[in-house]
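As a plain string of letters, each chain reads:
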Amino acid sequence: TVLLALLRRGAVACPLNPTAPPAFLQARLAQLDCVLLIIDQVDATAWDVPVVDPVTLQSEAASLHDGSTEAAMGNLERPAVVIFTSGSTGDPKAAVLSQNNLRHNARLSNKKIALAPDNVWLLSLPIHHVAGLGILFLFLEAGAAMGIPAHDADLAAAILSTNTTHLPLFARQLPRLLDAPGPDHLATHKPLPLDGG
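Values in this document were obtained by computation on a predicted structure and should not be read as measured data. The numbers attached to residues start from 1 for each chain and follow its sequence in the written order. At least 70 in pLDDT is required for a residue's local features to be given in this predicted model, at least 80 for side-chain atom pairs to be given and counted, and no such filter applies to totals for whole chains, interfaces and linings, which use all residues. To obtain the side-chain values, all non-hydrogen atoms of the structure were included, while hydrogens and water were left out.

Engineer: Looking at this model, I keep getting lost on the packing of aromatic side chains. Mind explaining?
Structural biologist: Two numbers describe a pair of aromatic rings. These are the distance of the centres and the angle of the planes. Classification of ring pairs rests on two measures: the distance between centres of Phe, Tyr or Trp rings, Trp counted by its six-membered ring, which must be within 6.5 Å, and the angle between planes, read as stacked under 30 degrees, edge-to-face over 60 and tilted in between. According to the stated counting rule, one finds zero aromatic pairs in the structure shown. Over a ring means this: the NZ of a Lys or the CZ of an Arg is within 6 Å of the ring centre and within 35 degrees of the ring normal. Lying over the aromatic face of Phe 24, Arg 28 brings its terminal NZ or CZ to 4.6 Å of the ring centre. Sitting above the plane of the Phe 84 ring, Arg 28 keeps its charged end 5.5 Å from the centroid.

Engineer: Before we go on, may I ask you to explain unusual backbone geometry in this structure?
Structural biologist: Phi at Asp 33 is positive, roughly 55°, even though this residue is not glycine. Along the chain, Asp 33 turns up in the loop between α2 (22-32) and β1 (37-38). Assessed through its relative accessible area of 63%, Asp 33 is described here as exposed. The phi dihedral of Asn 163 is positive, around 55°, even though this residue is not glycine. Counting from the N terminus, the helices are DSSP H or I runs at least four residues long and the strands are E runs at least two residues long. Position of Asn 163 among the secondary structure elements: in the loop between α7 (155-161) and α8 (173-179). A 1.4 Å probe rolled over the protein chains alone gives each residue an accessible area, and that area as a share of the maximum for its type sets the label: buried under 20%, exposed over 50%, partly exposed in between.

Engineer: Sorry if this is basic, but what is going on with the pattern of salt bridges here?
Structural biologist: Salt bridge, as used here: a side-chain nitrogen of Lys or Arg that lies within 4 Å of a carboxyl oxygen of Asp or Glu. Per the stated rule, a full pass over the model turns up two salt bridges. Close ionic contact of Arg 103 with Glu 141 constitutes a salt bridge, the shortest N to O distance being 3.8 Å. Of this pair, Arg 103 sits in helix α5 (residues 99-112) while Glu 141 sits in helix α6 (residues 130-142), placing them 38 residues apart in sequence. The class of Glu 141 is partly exposed, set by a relative accessible area of 30%. We note a salt bridge from Glu 141 to Arg 107, for which the minimum N-O separation is 3.2 Å. Of this pair, Glu 141 sits in helix α6 while Arg 107 sits in helix α5; the two residues are 34 residues apart in sequence, bridging distant segments of the chain. Three or more residues joined by partner-sharing salt bridges are found here, namely Arg 103, Arg 107 and Glu 141.

Engineer: Can you help me understand the nonpolar core in this one?
Structural biologist: The nonpolar side chains of soluble globular proteins are, as a tendency, buried together. Counting residues in hydrophobic clusters, the biggest one holds 22 residues, and the most contacted among them are Val 81, Leu 133 and Leu 136. Contributions of two or more residues to this core are made by α1 (2-9), β3 (79-84), α5 and α6. Per-element accounting of this core gives the leading share, seven residues, to α6. Whether two residues touch is decided by their heavy atoms; if any such pair falls within 4.5 Å, the residues are in contact. Ignoring sequence-local partners within four residues, the contact set of Val 81 consists of Leu 7, Val 12, Ala 13, Pro 15, Ala 95, Val 96, Leu 97, Leu 102 and Leu 133. We call a set of buried residues a nonpolar core when its members are Ala, Val, Leu, Ile, Met, Phe, Trp, Tyr or Cys and they connect through side-chain atoms within 4.5 Å of each other. Counting eight residues, the second largest nonpolar core, distinct from the first, contains Leu 25, Leu 29, Leu 37 and Trp 47.

Honestly, it's all geometry; don't read function into it.
Set out below in structure tokens:
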């Protein structure tokens, strides 16, 4: 919800891996010329930029409305999100995406796997990964629902608790899910082959 709120306000958001080493995160913040860090565990002394927790941010934002939201949402070509590459062949590179980039990707994906308003697409990939970020726009474009798992829920439990109908998986997640003990119907559907892996 924080990410969607930032997009509505016209901010350029950059989801980062919260489990990454502090030095890695500091380097990314410096690279971005970041003006605000939103993080659950607030320790302002550990960072070189202003820090706020999501709850405080949401409560403060609820009272703000200066007419800029509609204008920001209407400009679909402006930078909306920065996603860092994995850095497997060197330093991570920042990829700047507009709302149009994300919406066109969602529309093409929905042509491959059509979502309906009664479908639930599980947020089973991290938002700092481009595939996880794409989930937000998949369900928005289709008018479907997004299932948000509990913080400590395993994948099988998250599927059941959110009544999931669709979910994306990294290759290593599928065998773990199929081997996990649980209801038989979790293993009754063949995975759909998607272009690109």
